[in-house]
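Survey of secondary and tertiary structure
One-letter residues, chain by chain:
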Amino acid sequence: MLNYILRRALYALPILVGVNVITFVLFFVVNTPDDMARMQLGMKHVTPEAVEQWKQERGYDKPVIYNGASAGMGKLTDTIFYDKSLRLFVFDFGASDAGRDIGYDIRQRMWASLALAIPVFIIGLLTNITVALLIAFFRATYFDIIAVVTLVVLMSISGLFYIIAGQYLVGKLLHLVPISGYDDGLNAVKFVILPVLIGVIGGIGSGSRWYRSIFLEEIGKDYVRTARAKGLPESAVLFRHVLKNALIPILTGAVVVLPLLFMGSLIMESFFGIPGLGSYTIDAINTQDFAVVRSMVFLGSVLYILGLMLTDISYTLVDPRVRLN
Amino acid sequence: MSSAASIRGKGRACSAPRAVLLVAAALAGCSERPWNDPYPASDAGANIVYSSFEERPKHLDPARSYSANEVVFTGQVYEPPLQYHYLKRPYTLTPLTAEAVPTPQYLDRGGRTLPADAPDAEVAYSVYEIHIRPGIHYQPHPAFARDADGNPVYRDLSSQDLANIYSLGDFTHTGSRELVAADYVYQIKRLAHPRVHSPILGLMGEYIAGLRDYAAELASVYGEQSAAAGGGPVYLDLERYPLAGAETVDRYTYRIKVNGKYPQLLYWLAMPFFAPVPPEVDRFHSAPGMEEKNLTLDWYPVGTGPYMLTVNNPNRQMVLERNPNFHEEFYPDDGDPGDREAGLLGDAGRRLPFIDKVVFSLEKETIPYWNKFLQGYYDTSGISSDSFDQAVRMGPGGEATLTDRMKEKGISLRTAVGTSISYTGFNMIDPVIGGYGERQRLLRQAISIALDYEEFISIFTNGRGIPAQGPIPPGIFGHVEGEPGVNPYVYGWAGGGPRRRSLDEARRLLAEAGYADGVDAGTGKPLVLNLDITAGGPEDNARLEWFRKQFEKLNIQLVIRNTDYNRFQDKMRNGNAQIFMWGWNADYPDPENFLFLLYGPNGKARHNGENAANYANPEFDRLFEQMRTMADGPRRQELIDRMVDLARRDAPWIWGFHPKSFVLYHAWSSPTKPNLMANNLLKYRRIDPGLRARLRDEWNQPILWPLLLAIGLLLAAAVPATISLLRRQYRAPAAGDRAGTP
């Protein structure tokens, strides 16, 4: 397995380089270094000299990807891409274009993202499995039909609606929790109850419907018939056999998103004033802070690759037939 | 009271009826406070003002900070020598740390003193000598800490010294010292520092004697020192490099020397750009390793003001607390007529500030902010379009009154016309719409009439604005009220107010311009104009459609050239836009700060200035050069009137509107007077924390019955579900199961 992990890690390198190149190209197609400088320096009384000085100070006065004026390897290394990318591979994110230490901000903000994302993930997963099992248990009944229609309705509603309706109902009308805000440590609990609840409810539609399909697919298999033929009650068939086998696609689907929980939720964090990495990324895009954008894209890529590797490993854990070679 | 209301929770003790909500109760701390209170229990009943910030401030260095969301913090911490009188209108400068508002001494080229009324041409320099009041001290800060021998405790720290330091609170020792004139001189020098990137360096380089050369000198020296240190940032000791335009006279006196006359310098002296920065603080924050930990002067302001920034977490919360070393300052005991009756002089003579602490929380969306304001968790609020109808009713005459719901809560409304303008500009170097010939002028005047800004204000700003008659907003010298102040090219005067000229008149002007019925008489082709804009959301689509319809009134086809923000800025810089929307917020309350937007040598395309329309009328420019250095008076008003008339006739802008700010205050806030120029207003605010606590408690009692009902329904549903579950345990599988298809 170690060999496999090492090999996958090496495969990841060109992917990360590719992601970086694409990020660079896309970002600089929309924003020139002059635009970035003007955004950082403000709108009033900005002189061309100040723009040039800002670029020079931050190394944005070089060509983006290819420096035709340099000799030899300098054509590739004397560029913004090389200067800004190399350090990322040792997770040295440097300073944002506004001058703040990106690594520090990420370390500060990831806890807020996790405080929201982990409960949503765990409670959501358990809820979705429970609901899906219940529907599968009552399959081919009116309950099943009503439940599926309800799930389709739930998944058709915009996430923003859940947020606004949740804040209005729970926070504004019932006064049960703060409408928005955040605090450190255990004090954070009262602030994340509502977003977690909304996150879970917002995910029930698509999650439960998907898991229901998985369960129904398993229920039609021969081993289920055998189990029933043995005289097992339906609950035992579902929980002891169907659930166990259905866990393979469920688990692998869940594991792949596990590392991405760090990245936070863009809209949820924004509406609830939770200072996580999701809102950090959105802010950086709005302020054209390329240093933060490339760091977050890189981090997201690394975490996604990590998620895929964990998925492969988890296959071997839940299905003994799978071997990593 | 309904049965529902009868089982409202009291939000007090952990009693039996709420056992099912034990967790929630535990989270609320089983306290006397409402469950939805977002603030710590320790702050309950404290003399704290709660506010918010939407995006984190970029810069808190007084030499860099220029945005409104930054000045909210720097304005309370830093003290420039002057400030605006809180109550007097028109806006009046008063001393802050200075003994008096300085009067300039004029010098000729030979350094000889000239009389106060010397002609501009003879004045080579203006010298402002500013005397600082003794006995003013800085807030506690580690940079001021000294050991028993009087040596700085934290001078020239190394990265190793900062190993366990993550915020300024991690330094054991702090100190303070008296404010001296040299601190002001040091800050003026910082404007030229190559790493500070002060946005006003270009502007001040024109006026402060020697500042431009000084910037070049510092850039060179800094480059050398940085190269010698391996290319990284280094501390540049500005005290070693004298600046001709700013010098210390004695411990409490300094002098600023300005090229020629520049009376507007006094207004700049009321901004944080000219606030004092102690050299030792700059040196402290320049130590290696500080920047990596975000411990820079750009993030930790240090001043003599009423407040100091004690929590600086721009990711979540920023807190200003009372500066224990704040000097004596008292609430003004004079104001405008009517201020006393409005209760604005109730605190006259009382020592400032009134508030102990101001908590700014990150709040990115308007809906949660508005709801929390209604719950009493924010003390003031603006009004977004989403919530406007909930809060305000507009009368037939455009007067704003609060809705009954707001009145019931004791909320009050304060409005003020902003010292700003939002306009639609014509690019005067455009071959079709620009130029100074009669044809182009009539075309622009016709469009100016057709574009109904009264309707725009009503639809898109909920009536929050007044149509502009020229570039100068109300409240600024040069603005003329009533019939004499009306733009005669767009408005007539009828029924005691301005009335927009008719569309027929606009069509007549258009025909005279050679575009009868929107067709170019020369080519026979329809007239097509372009609106260059950067727009995104659905609300922008409505606005753009409105614009299209306004031009359609004259049969002019309007093409919307929508680009992203950066491309739009490029177009403006290169002079490629045709018609555009733009705006300006006053830096200071002087007509020069608006009329310079139409000054030829300030053209954006040719001179990289703020004249976005690239308007260049030699007569206007000549008058501007005379007017800008004059003191307010009849002669200045006469010049301004002539300039405004020229601009109205040439119509480089459709004058647009002056936005009106609406601010809501809760009953526990003391009466306040909007002051759109001052940025240090927190010290005048007062609240009644007891009333706030009582009303918050009253407004936020948890309502539990829907939750209990939901739990009851779930339990009720569980019974038949369990029965059904048990029944199905041994039932034959569904047909689909046997077929093997889900």
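In this text the structure is predicted, and so the values were computed from the model without any measurement.

Let's shift gears to the overall build of chain B. Broken down by element type, chain B carries 23 helices and 23 strands. Oriented by its inertia axes, the alpha-carbon framework of chain B measures out at about 105 × 85 × 65 Å. Pairs at least 24 residues apart make up 70% of the contacts formed inside chain B by residues separated by at least 6 positions. Only carbon and sulfur atoms are counted for the fraction: they give 53% of the accessible area of chain B, which is about 30,500 Å². Here chain B contributes 79 positive and 87 negative side-chain charges, whose respective centroids are spaced 6 Å apart.

Glancing now at the overall build of chain A. Per the secondary structure count, chain A includes 14 helices and zero strands. Element order for chain A, N to C, with α for helix and β for strand: α-α-α-α-α-α-α-α-α-α-α-α-α-α. For chain A, the residues scored as buried account for 53% of the 325 residues in total. Once local pairs closer than 6 in sequence are excluded, the contacts in chain A between residues at least 24 apart make up 69%. As presented, chain A carries roughly 14,700 Å² of accessible surface, and 70% of it is formed by carbon and sulfur atoms. Within chain A, one finds 27 positive and 24 negative side-chain charges whose respective centroids are separated by 10 Å.

Bringing the sheet that holds strand 4 (residues 105-107) of chain B into the picture now. Residue and element names in this part refer to chain B. Strands sit in the order 5-4-6-8-7 across an open sheet of five strands; the sheet is antiparallel. Both outer strands of the open sheet, strand 5 (113-114) and strand 7 (246-250), are each paired with one neighbouring strand and no more. Sheet analysis places strand 4 next to strand 6 (residues 125-131), joined by three bridges and oriented antiparallel. Across the sheet, Gln-105 pairs through a bridge with Val-127, a residue of strand 6. Sitting on the sheet, helix 4 (residues 181-190) touches strand 7 and strand 8 (253-259), and the angle it makes with strand 7 is about 175°.

All names here are of chain B. Annotation of chain B at the domain level lists domain 1 (2-30 + 702-739), domain 2 (79-292) and domain 3 (420-661). Between the C-alpha centres of domain 2 and domain 3 the distance comes to 39 Å. Listed as interface residues are twelve residues of domain 2 and, on the opposing side, ten residues of domain 3. Of all residues in domain 2, Tyr-91, Gln-264 and Tyr-267 bury the most surface against domain 3, accounting for 43% of the area lost on that side.

Let us now look at the pairing of strand 8 of chain B. All names here are of chain B. Judged from the seven bridges that link them, strand 6 and strand 8 form a sheet pairing that is antiparallel. If you follow His-131 over to strand 8, its bridge partner there is Thr-253. As judged from the four bridges shared by strand 7 and strand 8, these two strands associate in the antiparallel manner. The residue of strand 8 that forms the bridge with Ala-246 is Ile-256. Taking the residues that link successive antiparallel strands as the turn, the strand 7-strand 8 hairpin has two residues.

Each strand in a sheet pairs with another by means of backbone hydrogen bonds, the pair being arranged parallel or else antiparallel. Residues and elements named next belong to chain B. The four strands are arranged 1-11-10-9 in an open sheet whose pairing can be described as mixed. Since the sheet does not close on itself, it has two edges, and those belong to strand 1 (48-53) and strand 9 (307-313), each with one partner. In this sheet, adjacent strand axes meet at a mean angle of 20° when their direction is disregarded. Note that strand 9 and strand 10 (residues 317-322) share six bridges and pair antiparallel. Bridge pairing in strand 10 links Asn-313 to Gln-317.

Every contact between the two is made by 69 residues of chain B and, on the other side, 73 residues of chain A. Run the count over chain B and chain A and you get five salt bridges. In this structure, B:Arg316 and A:Asp184 form a salt bridge, with 3.4 Å as the shortest nitrogen-oxygen distance. Taken together, chain B and chain A are joined by 21 residue pairs in polar contact (both at pLDDT 80 or more). Among the secondary structure elements, those contributing two or more residues to the side of chain B that touches chain A are helix 5 (201-207), helix 9 (366-374), helix 16 (565-574), strand 22 (579-585) and helix 22 (705-728) of chain B. In terms of residue class, the side of chain B that touches chain A is built from 30 nonpolar, 18 polar and 21 charged.

By a widely used convention, the size of an interface equals the accessible area lost when the partners come together. Residue and element names in this part refer to chain A. Each domain of chain A was delimited in the assignment, giving domain 1 (2-90) and domain 2 (109-318). Listed per partner, the contact involves 22 residues of domain 1 and 18 residues of domain 2. Taken over both partners, the interface formed by domain 1 and domain 2 buries close to 1,800 Å², and the fraction arising from carbon and sulfur atoms is 72%. The three residues of domain 1 that bury the most area against domain 2 are Arg-8, Phe-27 and Leu-88, which together make up 28% of that side's buried surface.

The next thing to look at is the pairing of strand 23 (residues 653-665) of chain B. On a regular strand, one side chain projects to one face of the sheet and the next to the other, so that they alternate. All names here are of chain B. Two elements, strand 12 (residues 380-381) and strand 23, share two bridges in a ladder whose sense is antiparallel. Each bridged residue has a counterpart across the sheet, and for Thr-380 the counterpart in strand 23 is Tyr-665. As paired elements, strand 16 (residues 420-426) and strand 23 share three bridges and run antiparallel to each other. Bridge pairing in strand 23 links Ser-422 to Phe-657. As defined by bridge partners, strand 17 (residues 465-467) adjoins strand 23 across three bridges and the pair is classed as antiparallel. Bridge pairing links Ile-466 to His-658 in strand 23.

Residues and elements named next belong to chain B. Position of Tyr-436 relative to the elements: it lies in the loop between strand 16 and helix 12 (438-450). A relative accessible area of 31% places Tyr-436 in the partly exposed class. Here the alpha-carbon distance between Tyr-436 and Lys-364, two residues 72 residues apart in the chain, equals 46 Å. Those residues in contact with Tyr-436 that sit more than four places away from it in its chain are Met-428, Arg-441, Asn-614, Tyr-615, Ala-616 and Asp-650. A polar side-chain atom of Tyr-436 sits 2.6 Å from the main-chain amide nitrogen of Ala-616.

What follows is about the nonpolar core. Residue and element names in this part refer to chain B. In terms of nonpolar packing, the biggest core is built from 127 residues, with Trp-268 and Phe-274 touching the most fellow members. Ignoring anything within four residues of it in the chain, the contact list for Phe-274 reads Pro-80, Pro-81, Tyr-184, Gln-187, Ile-188, Leu-191, Ile-200, Met-204, Ile-208, Leu-265, Trp-268 and Leu-269. Phe-456, Leu-510, Ala-513 and Leu-531 belong to the second largest nonpolar core, which has 37 residues in total.

In this section: the confidence of the model for chain B. All names here are of chain B. With 94% of its residues at a pLDDT of at least 70, chain B reaches an overall mean of 90. Counting interchain partners and residues more than four positions distant, the pLDDT-below-50 stretch residues 1-20 has 32 contacts. In the predicted structure, residues 24-30 sits below a pLDDT of 50 and forms ten contacts with residues beyond four places in sequence or in another chain. For this predicted complex, the interface confidence comes out at an ipTM of 0.84, alongside a pTM of 0.87.

Between two packed helices, both the angle of their axes relative to each other and the distance between the axes serve to describe the pair. All names here are of chain A. Their axes nearest at 8 Å, the elements helix 13 (residues 277-286) and helix 14 (residues 290-318) cross at an angle of 140°. When the interaxial angle is binned, helix 13 and helix 14 end up oblique. For the pair helix 13 and helix 14, the sense of crossing is left-handed. For the pair formed by helix 13 and helix 14, the contact residues are Leu-277, Tyr-280, Thr-281, Ala-284 and Ile-285 on the first element and Val-292, Val-293 and Met-296 on the second. Classifying every residue of the contact of helix 13 with helix 14 gives seven nonpolar, one polar and no charged.

Here helix 8 (residues 159-173) of chain A is 15 residues long and its end C-alpha atoms lie 20 Å apart, about the 21 Å a rise of 1.5 Å per residue gives. A:Tyr162, A:Ile163, A:Gly166, A:Gln167, A:Val170, A:Gly171 and A:Lys172 are the residues of helix 8 of chain A that are buried. Where the residues of helix 8 of chain A are buried, they touch helix 7 (142-156), helix 9 (189-219) and helix 12 (266-272) of chain A together with helix 9, helix 10 (388-391) and helix 11 (404-408) of chain B. Its side-chain oxygen 3.0 Å from the backbone nitrogen of A:Leu160, A:Ser158 forms the N-cap of helix 8 of chain A. Positive backbone phi, at 60°, marks A:His175, one or two positions downstream of helix 8 of chain A.

What counts, and at which threshold
- Residues numbered from 1 in each chain as written.
- Chains lettered and ligands numbered in written order.
- Predicted model: local features only at pLDDT ≥ 70, side-chain atom pairs only at ≥ 80, totals over all residues.
- Heavy atoms only, no water.
- Helix = DSSP H or I, 4+ residues; strand = E, 2+ residues; numbered from the N terminus.
- Contact = heavy atoms within 4.5 Å.
- Areas by Shrake-Rupley, 256 points an atom, 1.4 Å probe, with all protein chains shown as cover.
- Lys, Arg positive; Asp, Glu negative; His and termini not counted.
- Charge placed at Lys NZ, Arg CZ, Asp CG, Glu CD.
- Buried < 20%, exposed > 50% of the residue type's maximum accessible area, 1.4 Å probe, protein only.
- Pairing = 2+ DSSP bridges.
- Axes fitted to C-alpha atoms, helices over the stretch in contact; angles between N-to-C directions.
- Domains from an automatic or database assignment.
- Buried area = accessible area lost by both parts, 1.4 Å probe.
- Salt bridge = Lys/Arg side-chain N within 4 Å of Asp/Glu carboxyl O.
- Polar contact = N/O pair within 3.5 Å; in protein donor to acceptor, adjacent residues only side chain to side chain.
- Nonpolar A, V, L, I, M, F, W, Y, C, P; charged D, E, K, R; others polar.
- Core = buried A, V, L, I, M, F, W, Y, C linked by side-chain atoms within 4.5 Å.
- pLDDT = per-residue confidence, 0-100.
- Parallel < 35°, antiparallel > 145°, perpendicular 65-115°, else oblique.
- Left-handed = near helix turned anticlockwise from the far one by under 90°.
- Expected span 1.5 Å × (residues − 1).

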